[in-house]
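Listed below, chain by chain, are the residues.
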Amino acid sequence: MDEIDVGALLAEPLLRNTLVAGLAGVHRTVRWCLPLSELDELKRDAEEPPDQGVVVHAHAARLRGPAGAETITAVAGRGVVAVLVQTEPADVATPGELPFAFPEARRAADRAGLPLALLPPTAGYRAVSQLVATKVLAQATHVLQYSDRVHRSLGEILARGAGISPLAYGMARMSVAPVMVLDLDGAVLAYEATSSVPKPDAGAAAEPLARHLERLCAAPPARAEVTILEPFSDTDAAGASYTPIVAPVMYGGETSGLAAVLEPDGGDAHDRAQRRIVAAEGAVLIGSEMLRIRSMTEAEERIRGDFVVGLVHGRFQDGQQLLARARHHGFNPDGRHTVCVAAIDPPLGDDQAAVRRLGAVARAAENIDAAADRHTLATQIGGHLVVVRQIDRDGSDALSEQELARRFAGTLRQLVADRLRADVRVTFGRVHTGASGVSTSYREARTALGLARRVDVPPLAGYDELRIFVALRDLADSENGRAFAREILTPLRKADGHGRGLESVALAYVGESANLNAAARRLGLHRNTTLYKLERVSRALGMDIRSADTQFMVWLAHHIDSLVQVTDALDAELAPPP
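For clarity, every value in this text was computed on a predicted model and none was experimentally measured.

*Asks:* Quick one: what's the story with helix H17 (residues 527–541), residue by residue and with numbers?
*Replies:* Counted at 1.5 Å a residue, the expected span for H17 with its 15 residues is 21 Å, and the 21 Å between its end C-alpha atoms agrees. By the burial criterion, the buried members of H17 are Thr530, Leu534, Val537, Ser538 and Leu541. Taken end-on, H17 shows its buried residues confined to a sector of 95°, consistent with a single buried face. In the segment just after H17, glycine 542 is the residue with positive phi, at about 75°.

Shown next as structure tokens:
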């Protein structure tokens, strides 16, 4: 099963005892044989060297004297793994004279680590190339036969649709070594071994594999090549070490995971060659299984996502349709629910990788504090993670419904931050009953999120915690309230050319309880500059900004305007399609 190397080739009767220099390179792999004249043609026709693994056959005339050293140096840079020299009858020497033949070429071969063999005059190119081809092709045939056997065995498992773990066990059985499969996020999908082979600690095995997977993903385009990593020690068995033989799991030209055969101590080169084939063939079939599972998962997620979108947008007019889909997704139409909205900063975008990452987080969110009577549904809406959580209290729970909702929202925020390694803001609505309550809670959570981007609130906030805006909601929905906000804020904006400079000064002054110095510090302005701008504010309003009544009116108008902007944008988004 091993690849043919220079040493194995030189062990053949025709080439035996012919090596005279370059012993350091005898472990290089041999793939083909070319005459030196053809190598010269390749050099003239292309700048790139030929494929690695070429053995060159040369006539003695090309290796004589100083020109021989130049020839050796030139071919060493061309991917050549050995030079076989056909000597002439005049070169036949006694054993005592042989070490002194072709001295310049020998010294150059030793320096380059390039095996140099002096063949008898009868060893022409035809005989040597036929020998190399026979050896290489026989070995390739052997490899293909074993690869086919591995592929057929694993293919039978794949055809049964058994899943990734049985495929990994089949690999472990054929390689007589533990096998681990990781997904793109570094999570272990399968870890299998036969009863006769001890498994190393899963954490110790997964760590180097995850690091290698990160390197693969950081340097696209990925190639489906088997790689042998550095050995690692098993933390559960002192002194035991394993060498990972890894192959990327790919489909669609992208890396989607990793399959690794963990070779224990004591394996020989033949065992390693077989395990390389098992890793390579196993990765291909695991990729097919992962694609199948991914297709099924994405289809289920689309169906569930459509259901959640229908819930939060209040689009279920038919009660029977709601009940039928609710049973499928584990949603209790009579239960009490809150809706959480998680916004990621910076946004992930809408490319395939970002959608996949947010989808993985959504699946993880559905498993938070999973219980038979507390279902969770999650999906992506507009770049946000939207989570519907059932909040039914039992008799043993001392927390209120809103406290339970807040605790879940905090756990969700931590989960998203840890998975995406980003800043996350989570807002949540109040707890309501039924499908209509989900729609109401979602609107509240989105309103809280919109307000959180305009006013100073913590990264975890519930709608009922924004009590000022809750109290002002009816006023913001009325024409009188909107007219009042326009009457106060429009003069400030017009006086600044429709900018927000004077409005910001007024709000800073109000926010600092009419403390001029504190307002100047907040704005980053000189005290006198701030005073001058406040005088402009008073002239624009037609009222003295130092008056408590004027300050309250500015404060109230700003809060109404913020709520109007958020609710109007939300109304446009949640409006039913035409």
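*Asks:* Got a sec to walk through the packing of aromatic side chains? Specific residues and values, please.
*Replies:* Geometrically, a pair of aromatic rings is defined through the distance of the ring centres and the angle of the planes. With the rule as written, the count across this model stands at three aromatic pairs. Between phenylalanine 232 and tyrosine 242, the aromatic rings sit 6.0 Å apart at their centres with planes inclined by 25°, giving stacked as the arrangement. Of this pair, phenylalanine 232 sits in strand S9 (residues 232–233) while tyrosine 242 sits in strand S10 (residues 241–251), placing them ten residues apart in sequence. With a relative accessible area of 5%, tyrosine 242 lands in the buried category. A centroid spacing of 5.9 Å and a plane angle of 70° characterise the contact between phenylalanine 307 and phenylalanine 331, whose relative ring orientation is edge-to-face. Of this pair, phenylalanine 307 sits in helix H8 (residues 269–312) while phenylalanine 331 sits in the loop between helix H9 (319–329) and strand S12 (336–345), placing them 24 residues apart in sequence. Pair check on accessibility: phenylalanine 307 and phenylalanine 331 agree, each one buried.

*Asks:* Residues and numbers for the side chain of histidine 559, please.
*Replies:* Mapped onto the fold, histidine 559 is located in helix H18 (residues 548–574). The exposure class of histidine 559 is buried, given its relative accessible area of 10%. The residues touching histidine 559, leaving out its near neighbours within four places in the chain, are Ile468, Phe469 and Leu472.

*Asks:* Lay out the sheet that holds strand S2 (residues 32–35) with the relevant residues and their values.
*Replies:* Taken in spatial order, the five strands make up an open sheet running S1-S5-S4-S3-S2, and their pairing is mixed. The two strands at the open ends of the sheet, each matched to only one other strand, are strand S1 (19–21) and S2. Going across the sheet, the axis of each strand differs from the next one's by a mean of 30°, ignoring polarity. With six bridges joining them, strand S3 (residues 54–59) and strand S4 (residues 80–86) adopt parallel strand pairing. Of the residues in S4, the one forming a bridge with alanine 58 is valine 85.

*Asks:* An account of the confidence of the model for the protein is requested, with residue identities and associated values reported.
*Replies:* Detailed conclusions should not be drawn from predicted coordinates in areas where pLDDT is low. Across the protein, the average pLDDT comes to 82, with 89% of residues at or above 70. Per-element mean pLDDT across the protein ranges from 67 in helix H2 (residues 36–45) up to 92 in strand S15 (residues 423–428).

*Asks:* Any details on the pairing of S15? Residues and values, ideally.
*Replies:* Bridge analysis of S12 against S15 gives six bridges, and the strand direction is antiparallel. By the bridge assignment for S15, alanine 343 is matched with arginine 425. With three bridges joining them, S15 and strand S17 (residues 460–462) adopt parallel strand pairing. Within the sheet, the bridge partner assigned to valine 426 lies in S17 and is leucine 460.

About the thresholds
Residues numbered from 1 in each chain as written. Predicted model: local features only at pLDDT ≥ 70, side-chain atom pairs only at ≥ 80, totals over all residues. Heavy atoms only, no water. Helix = DSSP H or I, 4+ residues; strand = E, 2+ residues; numbered from the N terminus. Expected span 1.5 Å × (residues − 1). Buried < 20%, exposed > 50% of the residue type's maximum accessible area, 1.4 Å probe, protein only. Arc of directions from axis to C-beta. Phe/Tyr/Trp six-rings, centres within 6.5 Å; stacked < 30°, edge-to-face > 60°. Contact = heavy atoms within 4.5 Å. Pairing = 2+ DSSP bridges. Axes fitted to C-alpha atoms, helices over the stretch in contact; angles between N-to-C directions. pLDDT = per-residue confidence, 0-100.

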